[in-house]
Amino acid sequence: MRISSWCPKCPSGSTESAGFLAALQTRILARAHAVVVAAEGAGQELMGNTEGDRDASGNVKLKDIGVFLRERIEAHFRAAGIQVVVRYFDPSYSIRSRPADSEDAILCDLFARNAVHAAMAGKTGLIIGLLHDTFIHVPIEMLATQKKQIDPDGPAWRAVLACTGQPARFE
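Everything in this summary refers to the structure shown in the same document. (Residues numbered from 1 in each chain as written. Predicted model: local features only at pLDDT ≥ 70, side-chain atom pairs only at ≥ 80, totals over all residues. Heavy atoms only, no water.)

Counting across every chain of the model gives one salt bridge. Ionic pairing is found between D109 and R113, a salt bridge with its closest N-O pair at 2.6 Å. Taken together, the residues D109 and R113, both in helix α4 (residues 102-120) and four residues apart, mark about one turn of the helix. Using a relative accessible area of 35% as the deciding quantity, one classes D109 as partly exposed. (Salt bridge = Lys/Arg side-chain N within 4 Å of Asp/Glu carboxyl O. Helix = DSSP H or I, 4+ residues; strand = E, 2+ residues; numbered from the N terminus. Buried < 20%, exposed > 50% of the residue type's maximum accessible area, 1.4 Å probe, protein only.)

Take a look at the structure:
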């Protein structure tokens, strides 16, 4: 997504109508409501956070995309003269702090047992995975070779588009 597609207040000064904010504005005018969801760590390049501060492990500290989006959305609608109420919340701590149900507890127990068995067998540098109802050992090097990505032309993303009614691309 180009930063110029965000809003007229963006550094480029562009007023393009094909970006995220234009699509959000169309949605608000048509339906009077919208829900925007962003993944943790998304949009770091938009916030200029490619080589930012690092934590003790050497990983880049992520800036909050939610605050960034809220500010941009409010600025866009203010500039357009459209009154909106923006509610922002970060559910990460409430999601992470939910008590485990019985299914979660059993699955965690099985993962833990398999991890202990691997450790007792002298195996290191792996994680325990679940594939076709079988617990497997996955080398960490295999996991670190690439980031998991969703194919924007694949069936999972098409299902998201069909459910949400959002445009396929924000150019």
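That was the structure; now back to the text.
Our focus in this paragraph is the packing of aromatic side chains. We describe a pair of aromatic rings using the distance from one ring centre to the other and the angle between the two ring planes. On inspection of all chains with the given rule, the structure shows one aromatic pair. Ring centres of F111 and F135 lie 5.1 Å apart, and the angle between their planes is 90 degrees; on these two criteria the pair is classed as edge-to-face. Here F111 is found in helix α4, whereas its partner F135 is found in strand β2 (residues 134-139), with 24 residues between them in sequence. Take F111: its relative accessible area is 26%, and that puts it in the partly exposed class. (Phe/Tyr/Trp six-rings, centres within 6.5 Å; stacked < 30°, edge-to-face > 60°.)

Below, the discussion takes up the pairing of β2. Working note: regular strand, side chains alternate between the two faces of the sheet. For strand β1 (residues 126-131) and β2, the ladder comprises six bridges, and the chain directions are antiparallel. Within the sheet, the bridge partner assigned to L131 lies in β2 and is T134. Where β1 folds back on β2, the antiparallel hairpin that results is connected by two residues, among which H132 adopts a positive phi of roughly 50 degrees. (Pairing = 2+ DSSP bridges.)

Estimated volume of the second largest pocket: approximately 970 Å³. Lining the second largest pocket are 32 residues, with V36, V37, R87, Y88 and F89 sitting closest to its centre. Looking at the lining of the second largest pocket, the elements that each hand over two or more residues are α1 (20-31), α2 (65-80) and α3 (92-96). Sorting elements by how many residues they give to the lining of the second largest pocket places α2 first, with six residues. (1 Å grid on protein atoms, 1.4 Å probe; cavity = no way out; pocket = protein on both sides within 12 Å on 5 of 7 lines; lining within 4 Å. Points joined across faces, edges and corners; volume = space filled by probe spheres on them.)

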